[in-house]
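Here is what each chain is made of, one letter per residue.
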Amino acid sequence: MPRVSRATLYVIPGSHPAMAARRMLEHKGVEYRRIDLMPVVSRGVLKVLGFPGITIPSLRIDGRRITGSREISKTLDEIKPDPPLFPADPAERVQVEDAERWGDEIPQDGVRRILWNAIKRDRKPLRSFLDGARTGVPHGLAVATAAPIIAAELKINDVTDDAVRADLAALPGWLDRIDDWIAGGVLGGDPPNAADFQIAAVLRLAMTMDDLRPAIEGRPCGELAKRLVPEFPGRIPPVLPAEWLEPLRAVSAPSSTA
Ligand SMILES: N[C@@H](CCC(=O)N[C@@H](CS)C(=O)NCC(=O)O)C(=O)O
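Here we summarise the structure given alongside this text. Predicted model only: the values in this text are computed from it and were never measured. Counting from 1, residues in each chain are numbered in the order their sequence is written. Per-residue local features of the predicted model are confined to residues with pLDDT of at least 70, and side-chain atom pairs are confined, for both listing and counting, to 80 or more; whole-chain, interface and lining totals are unaffected and use all residues. Processing note: side-chain calculations cover all non-hydrogen atoms of the structure and skip hydrogens and water entirely.

## Considerations on the packing of aromatic side chains
Our working definition: Between 30 and 60 degrees the pair is tilted, below 30 it is stacked and above 60 it is edge-to-face, where a pair is any two Phe, Tyr or Trp rings, Trp via its six-membered ring, whose centres lie within 6.5 Å. Numbering goes from the N terminus for both helices and strands, where a helix is a DSSP run of H or I of at least four residues and a strand is a run of E of at least two. Only protein chains enter the accessibility calculation, which uses a 1.4 Å probe. A residue is then buried if its area is under 20% of the maximum for its type, exposed if over 50%, and partly exposed in between. Here, a charge over a ring means that NZ of Lys or CZ of Arg falls within 6 Å of the ring centre while also lying within 35 degrees of the ring normal.
Using the criterion set out here, one finds two aromatic pairs in the structure. With 5.3 Å between their ring centres and 70 degrees between their planes, Y10 and F51 make a pair best called edge-to-face. Separated by 41 residues along the polypeptide, Y10 in strand 1 (residues 7–11) and F51 in the loop between helix 2 (41–48) and strand 3 (58–61) bring together distant segments of the chain. Y10 gets classed as buried once you look at its relative accessible area, which sits at 10%. For F51, a relative accessible area of 8% translates into the label buried. Geometry around F86 places R93 over its ring, the cationic atom sitting 4.4 Å from the centre. Cation over ring: R121 sits above W244, and NZ or CZ is 4.8 Å from the ring centre.

## Some remarks on the sheet that holds strand 3
In plain terms, the rule: At least two bridges found by DSSP between two strands is the condition for calling them paired. Note on definitions: angles span 0 to 180 degrees between N-to-C directions of axes, and those axes are lines fitted to C-alpha atoms, for helices only across the stretch in contact. Any two residues having at least one pair of non-hydrogen atoms within 4.5 Å are treated as being in contact.
With mixed pairing, four strands are arranged side by side in an open sheet as 2-1-3-4. The open sheet has two edge strands, strand 2 (33–36) and strand 4 (64–67), and neither has a second partner. In this sheet, adjacent strand axes meet at a mean angle of 15 degrees when their direction is disregarded. Examined bridge by bridge, strand 1 and strand 3 share four bridges and lie antiparallel to one another. If you follow Y10 over to strand 3, its bridge partner there is S58. Here helix 1 (residues 16–28) sits on the sheet in contact with strand 1, strand 2 and strand 3, set at roughly 155 degrees to strand 1. Along the sheet, helix 3 (residues 69–79) contacts strand 1, strand 3 and strand 4; its crossing angle with strand 4, the most-contacted strand, is approximately 145 degrees.

Okay, structure coming up:
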């Protein structure tokens, strides 16, 4: 088996695909150095360092520079095949690749939009996402000066109110789809696969939002997320308009104290 000599993972605190990459590296037993970057600044840093893309996560491993959570899962399996992130059976592999792609393209983007919309309303919770991060900027200062970063992220990610309302309306369907994959054995198996890590990290970020957590936790998908990503710093108290959350009410577990 080829030896992995050196890995450096570039992340942003609170980035869900970065968390997926972190957990995949840990699952593979690949030692790595983590570099925490601030959003937007990350773009310039990755460009200067010669990565093929300007997004997080980006990974330098064995002299290769890779950008993107799906590129990372594929490359990790090439470099260190055991434990595998993709099934050996070709038909099963296609199912996992499809679920991973869907997780990357649909709920990953949707949860990112919902999060930035929440942060636009109250930026104080940003500080909780910096727990354990070393960005080189004092956390209080980072939050106090975050307005231009928030404005840029709203633009970069097309965070319109209409888009976020559509994401919230779609969320129950996303959760059903994930639970169906768990019931069908595409997700939630042993060992966990690349789609498990991709989707678990997305749900874990969603669960940092008090507005969303009741709709997720207690379901098979919420359990999977907590098992594969036991720690995800960050907590956003309720902040989204009540009528936007109407689609989630039907799927939220009743409060145990009610
Ligand atoms: N879909 C990509 C994620 C790309 C992405 O948008 N990453 C965000 C962090 S979650 C980023 O780089 N944001 C910083 C920026 O755009 O300035 C993947 O799974 O790798």
